[in-house]
Every structure is written in C-alpha cells, then in structure tokens.
Amino acid sequence: MTEHETDGHTTDTTDSMDEPEEDEHEEQKEAGDDDEQTVRPSDIDIHESIGNDTLDDLDVELENGGGSSTESTGVDLDEVVLEETKDDSKGLFDDLLSGEPIFENKEVLRPSYTPHELPHRTDQINQMATILVSALRGETPSNILIYGKTGTGKTASAKFVSQELESTSQKYDVPCEVEYINCEVTDTQYRVLAQLANKFIEKNHALIDDRLDSLRDLRSTAADDSERLSDTRFDTVDDVDERIADLETDREEMETVPMTGWPTDRVYSTFFEAVDYNERVVVIMLDEIDKLVEKSGDDTLYNLSRMNSELDNSRISIMGISNDLKFTDFLDPRVKSSLGEEEIVFPPYDANQLRDILQHRADIAFKGDALTDDVIPLCAAFAAQEHGDARRALDLLRTAGELAERSQADTVEEAHVRQAQDKIELDRVVEVVRTLPTQSKIVLFSIILLEKNGVHNINTGEVFNIYKRLCEEIDADILTQRRVTDLISELDMLGIVNAVVVSKGRYGRTKEISLSVPIDETEAVLLSDSRLGNIEDAQPFVQARFDN
Ligand code: ADP
Ligand code: MG
C-alpha cells in the first residue's frame, strides 16, 4: 500500500480492504468527513482528499508539471481538490504543450531528411566522385553499380553526390545533369522511360524558351539596325525569323508522354530524341534497381546501356543502386557487364559507427539535455543487430523520443528505447500479417486458435483440421495439406511462426509449430480482414474438437 494510507486518512473503502487491521478502525471513524469539507492546500495530502477516480486524473496532472519547475505546473490544487471552480481556459492541448519539449527539430530524424554530413561513408562517396568527375569534363563516366543492405546509406550518399555534381556543373557552366529515379515507385520500363522523357522535354522547353527570348530581342533590334547581326551567325533578319520558326516547331513537336497508353518503343524514341536534343552528359540514378528487374525484367537496363552508341549529342551513364547483393544473377550477361563497370560496396555499419551517425543527428534533433547517456548507445546496439541498419537506428531514436514526449517525461531514457524497439517490431509484424494472402491468414488463424485453446507443440495435421473447418465456415477454397505445409513454412520464414522439425522415432518426422508474435495483436489484425472477420464464432468448434 502507498504511504498516504498508513496514517489513516483514506476514505476509499475498496482500498481499505487491503489495509492492516489496526488502520481500519481509524478509517471508519473518518469516513465521509472530507466530502464537502473545505481544506487549505497547505494542510492536505492530495491523495487522501479525493476518491480513486479523481486520483488518476490528478496523477497525470502532477506528472505534467513535475520535474523542472514547480511554480509553473499549471495545476491549481485548490481547484482540483475542491472541484468547485472550473478552469475553462484549459483546452485539450494545454497539458500536452505545457511539458518541456524533447525535440528541437524532429524532421532531422525522418527518412526524408538528407543529411549534409555522412560519417563513415567518405570512401564510398569519394569513389563515386572519382568516377563521376568525368561528366564535368564532358566525358562519359563508367556505369556504376552500388550494393548494400537497407539502411547502409546508399540513397543518402547518392543524393549527396548528385547534389554536389549538379552544383559544380552549374558553377563551371558545363552541361551535366543527374536524374534520380526510385524504381520501387517507378517500377516498369514504360514508367522509367516516360519519367525520363518528360524530365528532358521539360528541360528542353526551358532551353528553347531562353533561346527564343534572346532571338526575339535580337530580331527587334536588328530590324532597326542590321549592323547588329554582324557578329552573329545570322546574315539577315529573315535568317533570324527562320531560326525562330524552327525552334517554335521543335517546341511544339516535343510531346510529353502520357502515363500509360503508348507503345514502349515510342516512349523510348521520345526519350532518346529529348535527351539528344542538346549536348550534355546525363547520369541516371536508378535506386532500388533490383525492384525494377524483379518486377519487369532487364529490358530497361538493356535499352539504356546501349544508347550511347546511337546518341549524337549527349552521353548517358547509369548508376544502379541495389539492396539485393545477388540481383545481377538475373541479368542478361551483356547488361551485367555493362552495368557493373564499376562496383561500390556499402558494408553494414557497426555499433560504433551507428553511434556517430546518431550523435550527429541527435545534436540537431533534440533539445540540449533531452537524451540520457545510454540512449544513443542502446539504439546503436539494437540497430547493429538488425544488420547495421542506420534507418532502424534513427527510427528507434525518433520513436523513443516520441514515447518520452507522450509520457511527458523530461528526458529520453533507456526504457523508452526498449519500448520503441517493441513498438517498431510490433508495427512490422502487424504490417506483414495485414498484407498476407487470405489463405495464409486462415492458416495463421488456425494456429492462433489452437494456441488459445492451450494446444502446445502443434503439428501440421492439427493445423490442417482447423484450417479446413475455417475454410468451410467462410466459404474459401480448401488447399491440400501439402500446400498448407508450404504456407506454414512461409510464415516461418517471415518470422511469424516457429516451425521445427522433430523426429518421432519410427513414426517418422513432424513439424512442431508455435506462434512467434504477440497473439492478441495478431488475432486482431486477422479479424480486421473482412473475410476473416466473419469467423469470430470459431471458438466452439475448436473447443469441441479437443473435447472429443
Ligand atoms: P539505403 O539507401 O542504403 O537503404 P539510406 O541512405 O536511405 O539507406 O539511409 C537510411 C537512413 O540512415 C537515412 O535517413 C539516412 O539519412 C541515414 N544515414 C545512413 N547512413 C548515414 C551516414 N553515414 N550518416 C548520416 N546518416 C546516415
Ligand atoms: Mg535506399
């Protein structure tokens, strides 16, 4: 029991049930005394003066203001205790705002933020720069293939290099351009080529408009004074008019590619003409290139990689970025050798490197003393286990900060990081389960029902029996036991169930299946699927099965 009750002022009778005998007498004596009583804040113990219901609310309020400054807690004890005056000025958000903010600039921890400094990627960035500098000399850089697991800084480094390349090319006024395409979003040959074509058409329009402006200027001055043409390539005003007419035709003929509908070779030739309209070196960055190849094969890469031999004015160079180390196995050998002229590997970060990365970002993201000492090392350690993923490390740090903020703590602590780890893991599970195909969901639901009915070491046959009943219940096709076994293996690979093969001696071998994710949350996700939502009443028949 808490200390406030030991001196006998408790009025809550349910609490007093747990009290030692000797206190009970005193409590009864004073019960009811304080309901309407007027008390001065100075001579009361808040916890004693109010019932349990209000106690919870008050705890929250005290925590809000707690810590830094007691004068500005924003809790007026008189009002809370006596409940006579209402504080109308307090809105929904006042309490939340009143706490010391944890974050200075949370955006810095989001994936969309491109850092200006990338510790521990100097080697990779220099390698890219050494290859791409040719573009600034008007030569064609070798194609580059970048490999590394997710969160190893590939995208951030590539974007950093491309910004530098473009700003340097502007500084020296050399025609060098970088086009970045995320192939997870732009995932077919049509879309990649259409996006590229439209980008260059837009650039060409701007270029033509510039030229037209100066030609029209020239024309109007030359109309009065033909001497003006002497140091141009035009002999007569008519020549200028002709050139203006040509450019206007060019501009009109550049038709932007619609998002769907054209034959692919028309999209390709539109891109080809648009890029070759002007002298330039173009670096095309294809991020998540493995997704493109997986979804639509290597035609895009084949077409892009042989373009240079046909272009007259421009040159293109491809930089492919892949999360999948083995993706070139699926490429046509010609594409593979052309694309992989240069290869750069991004190894996973270790815990120390992750600490540096987090520290750099935390300095900008958080208020001065918002982080306790063990927060960054713990985030780094968790993310190092997760294949050295800097994205995970930053997510952890941001989520820990948000959890601290939500609980109105003054600082982010180790416990917040652990909560964040659980939350992120649960979010992942929820997402995986939510996007499972219906049949896998039914199989998973069968396993959950068995576990909920206390079955341990579940075997495939048991899962299959429940699975069949569930399918009948919701009118779904029933797969063979063999297929169901495959689906269980897939769930195992996704980390949702654990299936171990055990030997039953002369009875052969069987699988023992158990759930490796939180049961209630997983069940809730499954039942939120409209098809499975109808089988809430499955419990009885599962029960019946085990009663027999
Ligand atoms: P990848 O493309 O390899 O999956 P990203 O480049 O998207 O990884 O990096 C994931 C997150 O980690 C991004 O928010 C990025 O800004 C950050 N990050 C990765 N490496 C570094 C680094 N060396 N320094 C600072 N931030 C980094
Ligand atoms: Mg990336």
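Look up a bit, the structure's there.
Reading guide: rules and limits
- Residues numbered from 1 in each chain as written.
- Chains lettered and ligands numbered in written order.
- Predicted model: local features only at pLDDT ≥ 70, side-chain atom pairs only at ≥ 80, totals over all residues.
- Heavy atoms only, no water.
- Salt bridge = Lys/Arg side-chain N within 4 Å of Asp/Glu carboxyl O.
- Helix = DSSP H or I, 4+ residues; strand = E, 2+ residues; numbered from the N terminus.
- Buried < 20%, exposed > 50% of the residue type's maximum accessible area, 1.4 Å probe, protein only.
- Near = heavy atom within 4 Å.
- Polar contact = N/O pair within 3.5 Å; in protein donor to acceptor, adjacent residues only side chain to side chain.
- Areas by Shrake-Rupley, 256 points an atom, 1.4 Å probe, with all protein chains shown as cover.
- Nonpolar A, V, L, I, M, F, W, Y, C, P; charged D, E, K, R; others polar.
- Domains from an automatic or database assignment.
- Phe/Tyr/Trp six-rings, centres within 6.5 Å; stacked < 30°, edge-to-face > 60°.
- Lys NZ or Arg CZ within 6 Å of the ring centre and 35° of its normal.

The subject of this paragraph is the pattern of salt bridges. In this structure the tally under the stated criterion is 27 salt bridges. For the salt bridge of Glu414 with Arg418, the shortest nitrogen-to-oxygen distance reads 2.9 Å. With Glu414 and Arg418 both in helix 18 (residues 414-434) and four residues apart, this pair spans about one turn of that helix. Given a relative accessible area of 40%, Arg418 falls into the partly exposed group. Taking the shortest distance from any N to any O, the salt bridge between Arg428 and Glu425 comes out at 3.3 Å. Of the two residues, Arg428 and Glu425 both sit in helix 18, three residues apart, roughly one turn of that helix. When its relative accessible area of 35% is taken as the criterion, Arg428 is described as partly exposed. According to the relative accessible area criterion, Glu425 is partly exposed, its value standing at 31%. The network of salt bridges with common partners includes Glu177, Glu179, Lys199, Lys203 and Arg280.

Backbone geometry places Asp173, a non-glycine residue, at a positive phi of 55°. Assignment of secondary structure puts Asp173 in the loop between helix 8 (154-171) and strand 2 (176-182). Residue classification places Asp173 among the exposed positions, given a relative accessible area of 69%. A positive phi angle, close to 50°, is found at Asn457, a residue other than glycine. Summarising the element assignment, Asn457 is placed in the loop between helix 19 (438-452) and helix 20 (460-474).

Among the 21 residues in the neighbourhood of ligand 1, the closest are listed as Pro119, Gly151, Lys154, Thr155 and Tyr349. Tyr349 places a polar side-chain atom, nitrogen or oxygen, 2.6 Å from a nitrogen atom of ligand 1. A distance of 2.9 Å separates a nitrogen atom of ligand 1 from a polar atom in the side chain of Arg361. Protein chains shield 96% of the accessible area of ligand 1, which is 550 Å² for the free molecule. Looking at the shell around ligand 1, the elements with two or more residues in it are helix 8, helix 15 (351-365) and helix 17 (390-406). Its residues placed into classes, the shell around ligand 1 shows ten nonpolar, five polar and six charged. Each of domain 1 (121-345) and domain 2 (351-430) gives at least three residues to the shell around ligand 1.

On inspection of all chains with the given rule, the structure shows four aromatic pairs. On the basis of an interplanar angle of 25° and a centroid distance of 4.9 Å, the ring pair of Phe103 and Phe366 is categorised as stacked. Here Phe103 is found in the loop between helix 6 (94-98) and helix 7 (122-136), whereas its partner Phe366 is found in the loop between helix 15 and helix 16 (375-385), with 263 residues between them in sequence. Each member of the pair, Phe103 together with Phe366, is buried. Between Phe200 and Phe271 the ring centres are 6.1 Å apart and the planes differ by 45°, which places this aromatic pair in the tilted class. Here Phe200, found in helix 9 (residues 189-224), pairs with Phe271, found in helix 11 (residues 264-276); they are 71 residues apart in sequence, far enough to count as distant. Note on accessibility: Phe200 and Phe271 belong to one class, buried. Directly above the ring of Tyr180 sits Lys159, whose terminal nitrogen or CZ lies 4.5 Å from the centroid. Arg266 extends its terminal NZ or CZ atom over the ring of Trp262, reaching a point 3.6 Å from the ring centre.

The analysis is restricted to geometry; functional conclusions fall outside its scope.
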